Amino acid sequence: MHNIKKRHFIFTQVNRLAIITFISSISMAAVGTIWAIYLESFFKNESYVGFLLTFFTIVAMVSSILIIPYVERTSKSKIYIISLLAYAVSYISFAILENIYVVVVMGTFLAFMSTLKLTSFGIILRDKSQDKNVSKNIGLIYTFLNLSWLLGPLLAGFISQEYGFSKVFLLGAGFQLLAFILFTSFRIKDNRVEKKIDKNPIKLPFKFFKDKNRMLVYILSAGVSFWWALIYIYIPMHIIDSGLESKMVGYFLFAIVVPLILFEYLSGKIAAKKGFRKMFFIGYLSLSILSLIAFFMTNVYYILLILVLASMAVAMIEPTTEAYFFDLITKSQRDKFYSQHNTALDVGNIIATFLSAIILLFLPFKFLFILFCVVTLLLAFVSLKIKNIVEARRE
């Protein structure tokens, strides 16, 4: 009887990491909701805000390479604890020091720390996962992550309207400190370090892209952020330009997350049993077909409905690309290659933003759907080139 109870209720390290992700990501979602508006309050110019955000993105990408030796020789749990505290301190500084120079300096610092936070957490999650459960565990983490992106914007919207931006930053700092307390109280330890440190990280990108499958999953991962650029940058503007109220943007972004919460964990479990190649292909092919349908639609509500349905396809791709990457690499390669893999998110976003901006200079908005139709179709065919991995067959 005792064994039966133990088998059916085990509060694993991965479950604890999911709770920590949820708490920390509520903070990031709340701050992320008001971040661009907060910056515009200093610069009074959308273009300047765009340049600054691009600079922060470049800092994060460069940091992803430069931090590798530090990640290799340092406890991952220690790095994650430091990054949680760094986030809390940064948010507090934004709340109490309303100065443009503080914003630029602390924003740059936060861009650097975001790379350490993302990298250390991902490695800890993989180190705590059995080989046969990687997809399932990452799907669970993404489910909690998406739940936080339901709650975070709602909290930020109410608090910023009633009490101002500073209170949103203080709320964010509070959640980061709570995540820090939980992480330390849960006693999650990952003190694994590499004996052989890469002293010249500049050479590592060349090593990364030498492997065909690493390069292909990098492209597939970039495709996810490529799609999110449409959803989070251009569709909100299209909603306003179509004459709808700004609250419709909030409703739409709320609806976008619901299919992710419902299906990402399930997608991870299916990928573990059936393999990744088919999941990637069906997911990207579905995005291509739905983008083409959206192109022929004239009613903005129908377009928004199609895009919400498209999140079901994204749920097949988003957690599984990361799981597939971890399945490709060895334990000793996680420290040196994971942060590089994460730059795919920035690359996809930058390419989508740039190409979309060019199209909108010459063509109506609906032609963006042709761009995303073509790119996701190409990604569907790219997915057929990857090595298929079935985690369930592993010991």
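Please read these numbers as outputs of a predicted model, since none were measured by experiment.

K.L.:
Tell me about the packing of aromatic side chains, and name the residues and values.
P.N.:
Throughout the structure, instances matching the rule amount to 33 aromatic pairs. With centroids separated by 5.2 Å and ring planes inclined at 55 degrees, the aromatic side chains of Trp35 and Phe94 adopt a geometry described as tilted. Placement of Trp35 in helix H2 (residues 13-43) and of Phe94 in helix H5 (residues 76-96) is noted, with a sequence separation of 59 residues between them. Across this residue pair, the class does not change: Trp35 and Phe94 are buried. Taken together, Trp35, Tyr38, Phe42, Phe55, Phe56, Tyr87, Tyr91, Phe94, Phe165 and Phe169 form an aromatic cluster joined through their ring pairs.

K.L.:
Hey, could you go over helix H15 (residues 367-383) for me, with residue numbers and the actual values?
P.N.:
The end-to-end C-alpha separation of H15 is 25 Å, in line with the 24 Å expected for 17 residues at 1.5 Å each. What H15 keeps buried is the set Leu368, Phe369, Leu371, Phe372, Cys373, Val375, Thr376, Leu379, Ala380 and Ser383. Where H15 is buried, its residues meet helix H10 (212-241), helix H12 (277-296), helix H13 (300-328) and helix H14 (334-362).

K.L.:
Break down a nonpolar patch on the surface for me, with residues and values.
P.N.:
On the surface, Ile351, Phe354, Leu355, Ile358, Leu361, Phe362 and Leu363 cluster together into a nonpolar patch covering about 720 Å² of accessible area. Overall, Ile358 belongs to the partly exposed group, its relative accessible area being 34%.

K.L.:
Kindly report on the nonpolar core, identifying the contributing residues and their values.
P.N.:
Core analysis: the biggest nonpolar cluster contains 117 residues, and Phe169, Trp227, Leu230, Ile235, Phe252, Leu307 and Phe369 have the highest contact counts within it. Here this core gets 16 residues from one element, more than from any other, and that element is H13. Those residues within four positions of Leu230 in sequence are excluded, and the remaining contacts are Ile235, Pro236, Leu307, Leu368, Phe369 and Phe372.

K.L.:
I'd love a proper account of the confidence of the model for the protein chain, names of residues and values included.
P.N.:
The predicted coordinates should not be examined in detail at positions where pLDDT is low. Overall, the predicted model of the protein chain reaches an average pLDDT of 85, with 94% of residues at or above 70. Within the protein chain, the lowest mean pLDDT, 43, falls on helix H1 (residues 2-8), and the highest, 95, falls on H15. Throughout residues 1-9 the model reports pLDDT below 50, and contacts reaching past four residues in sequence, or to other chains, amount to zero contacts.

K.L.:
Before we move on, could you go through the packing of H12 against H15 and cite the residues and values that matter?
P.N.:
A pair of packed helices is characterised by two quantities: the angle between their axes and the separation of those axes. The geometry of H12 relative to H15 is characterised by a closest axis approach of 8 Å and an angle of 165 degrees between their N-to-C directions. As the angle between them shows, H12 and H15 are arranged roughly antiparallel. Relative to H15, the crossing made by H12 is left-handed. Counted together, Arg277, Phe280, Phe281, Tyr284, Leu285, Leu287, Ser288, Ser291, Leu292, Ala294 and Phe295 of H12 and Phe367, Phe369, Ile370, Phe372, Cys373, Thr376, Leu377, Leu379, Ala380 and Ser383 of H15 form the full contact between these two elements.

K.L.:
Quick one: what's the story with the environment of Ala86, residue by residue and with numbers?
P.N.:
Tracing the backbone shows Ala86 in helix H5. The class for Ala86 is buried, based on a relative accessible area of 7%. Between the C-alpha atom of Ala86 and that of Ile270, which follows or precedes it by 184 residues, the distance is 37 Å. Excluding anything up to four places from it in sequence, Ala86 contacts Phe109 and Met113.

K.L.:
If you had to explain a positive patch on the surface to someone new, which residues and values would you point to?
P.N.:
Judged by side-chain charge, Lys269, Lys273, Lys274 and Lys278 come together as a positively charged surface patch. Considering each element in turn, the positive patch owes the most residues, three residues, to helix H11 (residues 247-274).

K.L.:
Account for the side chain of Ser27, with residues named and values stated.
P.N.:
Relative to the helices and strands, Ser27 resides in helix H2. Given a relative accessible area of 0%, Ser27 falls into the buried group. In contact with Ser27, other than residues within four places in its own chain, are Tyr91, Gly172, Ala173, Phe175 and Gln176.

K.L.:
Tell me what's going on with H10, and back it up with residues and numbers.
P.N.:
A rise of 1.5 Å per residue sets the reference length of H10, with its 30 residues, at 44 Å; its end C-alpha atoms lie 43 Å apart and thus fit the reference within 8%. Along H10, the sharpest change in direction is near 40 degrees and occurs at Tyr234; proline Pro236 comes one to four residues later. Of all 30 residues in H10, 22 are buried, a share of seventy percent or more. Where H10 begins, the side chain of Asp211 points an oxygen toward the backbone nitrogen of Asn213, at a separation of 3.0 Å. Among the residues trailing H10, Gly243 stands out with phi positive, at a value near 90 degrees.

K.L.:
Residue-level account of the environment of Leu361, with values.
P.N.:
Along the chain, Leu361 turns up in helix H14. For Leu361, a relative accessible area of 66% corresponds to the exposed category. Spatially, the C-alpha atoms of Leu361 and Asn299 are 23 Å apart, while their sequence positions differ by 62 residues.

About the thresholds
- Residues numbered from 1 in each chain as written.
- Predicted model: local features only at pLDDT ≥ 70, side-chain atom pairs only at ≥ 80, totals over all residues.
- Heavy atoms only, no water.
- Phe/Tyr/Trp six-rings, centres within 6.5 Å; stacked < 30°, edge-to-face > 60°.
- Helix = DSSP H or I, 4+ residues; strand = E, 2+ residues; numbered from the N terminus.
- Buried < 20%, exposed > 50% of the residue type's maximum accessible area, 1.4 Å probe, protein only.
- Expected span 1.5 Å × (residues − 1).
- Contact = heavy atoms within 4.5 Å.
- Patch = residues over 30% accessible without salt bridge, like charges linked within 9 Å, V, L, I, M, F, W, Y side chains within 5 Å.
- Areas by Shrake-Rupley, 256 points an atom, 1.4 Å probe, with all protein chains shown as cover.
- Salt bridge = Lys/Arg side-chain N within 4 Å of Asp/Glu carboxyl O.
- Core = buried A, V, L, I, M, F, W, Y, C linked by side-chain atoms within 4.5 Å.
- pLDDT = per-residue confidence, 0-100.
- Axes fitted to C-alpha atoms, helices over the stretch in contact; angles between N-to-C directions.
- Parallel < 35°, antiparallel > 145°, perpendicular 65-115°, else oblique.
- Left-handed = near helix turned anticlockwise from the far one by under 90°.
- Lys, Arg positive; Asp, Glu negative; His and termini not counted.
- Charge placed at Lys NZ, Arg CZ, Asp CG, Glu CD.
- Bend = angle between axes of the 7 residues up to and from the residue.
- Polar contact = N/O pair within 3.5 Å; in protein donor to acceptor, adjacent residues only side chain to side chain.

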